[in-house]
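As a plain string of letters, each chain reads:
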Amino acid sequence: MEKITDLKDLLKHEILDLYSAEEQIIEGLPKMIEKANDAALKEALNNHLQVTMTHKERLDDIKKVLLDEDTDAGDNGFFSNLFGGVNSVTCKGTEGLIKEAEKMMGEDMTTEVMDAAIIGAAQKIEHYEISGYGTARAYAQELGLDYVASLLMQTLNEEYEADDALTELAVGQLNIEAEFAEDDEEFE
């Protein structure tokens, strides 16, 4: 990868990082869905998988906008190479969070505790995405890239909604079930 020399370069790097994150999430979420036991949790994760595919499509649109802008400005170097069909960035943060989730899902636990653990793992990923999209949006705003900033804000809002939905499931039901799961098994 070529040297990052300004905020626009940094934005484009962040977009590639987010793109990698979304690809990894699309691959990793089905494993969480499979391990989840609660129907509402499965539904929330399935819904977010569909939304994640939309996020990836938005990032494709953003990459095109940024590449077109560079082409119009006569920049045929760095970003033409950066967005030239190969995702040259791997999001190590998401990679680590997914590996940790897979490790945790491999533990021996009750189904109620597994659901609570899956929510925790999914929320860690959501929080990482919220941070990344918020940062990218701030860069786009600073650069006057209003359309890009608006697309990033759309995704950021959807990430907050997913996090809120998971919190509601956890606090309103699944964490309580996990808290008393062991006690219930002792009396069976």
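Small disclaimer: the values here were computed from a predicted structure and weren't measured.

Cut-offs and rules
Residues numbered from 1 in each chain as written. Predicted model: local features only at pLDDT ≥ 70, side-chain atom pairs only at ≥ 80, totals over all residues. Heavy atoms only, no water. Helix = DSSP H or I, 4+ residues; strand = E, 2+ residues; numbered from the N terminus. Buried < 20%, exposed > 50% of the residue type's maximum accessible area, 1.4 Å probe, protein only. Contact = heavy atoms within 4.5 Å. Areas by Shrake-Rupley, 256 points an atom, 1.4 Å probe, with all protein chains shown as cover. Expected span 1.5 Å × (residues − 1). Bend = angle between axes of the 7 residues up to and from the residue. Polar contact = N/O pair within 3.5 Å; in protein donor to acceptor, adjacent residues only side chain to side chain. Phe/Tyr/Trp six-rings, centres within 6.5 Å; stacked < 30°, edge-to-face > 60°. Lys NZ or Arg CZ within 6 Å of the ring centre and 35° of its normal. Salt bridge = Lys/Arg side-chain N within 4 Å of Asp/Glu carboxyl O. Core = buried A, V, L, I, M, F, W, Y, C linked by side-chain atoms within 4.5 Å. pLDDT = per-residue confidence, 0-100.

Undergrad: I'm lost on the overall build of the protein in this one. Help?
TA: When helices and strands are counted, the protein shows six helices and zero strands. Overall, the protein shows an N-to-C arrangement of helices and strands of α-α-α-α-α-α. For the protein, with 188 residues in total, the buried portion stands at 41%. Intrachain contacts of the protein at a sequence separation of at least 6 include 79% that bridge at least 24 residues. Here the protein has roughly 9,900 Å² of accessible surface; of this, 49% comes from carbon and sulfur atoms.

Undergrad: Teacher, can you tell me more about the environment of Ile 125 here?
TA: Within the fold, Ile 125 resides in helix 5 (residues 111–142). We classify Ile 125 as buried; its relative accessible area is 7%. A sequence separation of 30 residues divides Ile 125 from Glu 95, and the C-alpha atoms of the two residues are 9.7 Å apart. Among residues more than four places away in sequence, those in contact with Ile 125 are Ile 25, Met 32, Leu 97 and Ile 98.

Undergrad: Even after reading the chapter, I still don't get helix 1 (residues 7–35), so can you show me in this structure?
TA: Within an α-helix, residues lying three or four positions from one another point in the same direction, as the helix has 3.6 residues per turn. Between the first and last C-alpha of helix 1 there are 41 Å, a value that for 29 residues agrees with the 42 Å anticipated at 1.5 Å per step. Approximately 30° is the largest bend angle found in helix 1, and it occurs at Glu 27, with the proline Pro 30 only one to four residues beyond. The backbone nitrogen of Lys 8 has a side-chain oxygen 3.2 Å away, supplied by the residue at the start of helix 1, namely Asp 6.

Undergrad: Would you mind going over the packing of aromatic side chains with me for this structure?
TA: The geometry of two aromatic rings is summed up by the distance between their centres and the angle between their planes. Applying the stated criterion across every chain yields a total of zero aromatic pairs. For the cation-ring pair, Lys 63 lies above Tyr 19, with the distance from its terminal atom to the ring centre recorded as 3.9 Å.

Undergrad: Looking at this structure, how should I read the pattern of salt bridges?
TA: Side chains that differ in sign of charge can pair as their charged atoms come close. According to the stated counting rule, one finds three salt bridges in the structure shown. Lys 31 serves as the salt-bridge partner of Glu 102, at 2.9 Å between the closest nitrogen and oxygen. In this pair, Glu 102 sits in helix 4 (residues 92–105) while Lys 31 sits in helix 1, placing the two residues 71 residues apart along the sequence. Given the relative accessible area of 32%, Glu 102 is considered partly exposed. Residue Lys 92 pairs with Glu 95 through a salt bridge whose shortest N-O separation is 3.5 Å. Of the two residues, Lys 92 and Glu 95 both sit in helix 4, three residues apart, roughly one turn of that helix. The class for Glu 95 is partly exposed, based on a relative accessible area of 25%.

Undergrad: Please clarify how the nonpolar core should be interpreted in this entry.
TA: Across soluble globular proteins, nonpolar side chains show a tendency to be buried alongside one another. Within the largest apolar cluster, 22 residues are counted, with the highest numbers of intra-cluster contacts made by Met 32, Leu 41, Leu 45, Ile 118 and Ile 119. Of all elements in the fold, only helix 1, helix 2 (39–72), helix 4, helix 5 and helix 6 (146–186) reach the threshold of two or more residues within this core. Per element, the largest residue contribution to this core is six residues, and it comes from helix 5. If we ignore the near neighbours within four places in the chain, the residues touching Leu 45 are Leu 29, Met 32, Ile 33, Ala 36, Ile 118, Ala 122 and Leu 166. Counting 18 residues, the second largest nonpolar core, distinct from the first, contains Leu 18, Leu 59, Ala 136 and Leu 151.

Undergrad: Sorry, what's going on with the confidence of the model for the protein here?
TA: Low pLDDT marks regions whose predicted coordinates should not be analysed in detail. When the pLDDT values of the protein are averaged, the result is 88; 86% of them are 70 or greater. Within the protein, helix 5 carries the highest mean pLDDT (97), whereas helix 3 (residues 78–82) carries the lowest (46). With pLDDT under 50 throughout, residues 74–87 is counted as low confidence; its partners more than four residues away or in other chains account for 29 contacts. Contacts from residues 184–188, a stretch scored under 50 in pLDDT, to residues over four places away or in other chains number one contact.

Undergrad: I tried to follow the environment of Ala 136 on my own but got confused; where do I start?
TA: Take Ala 136: it is sitting in helix 5. Note on Ala 136: relative accessible area 0%, which makes it buried.

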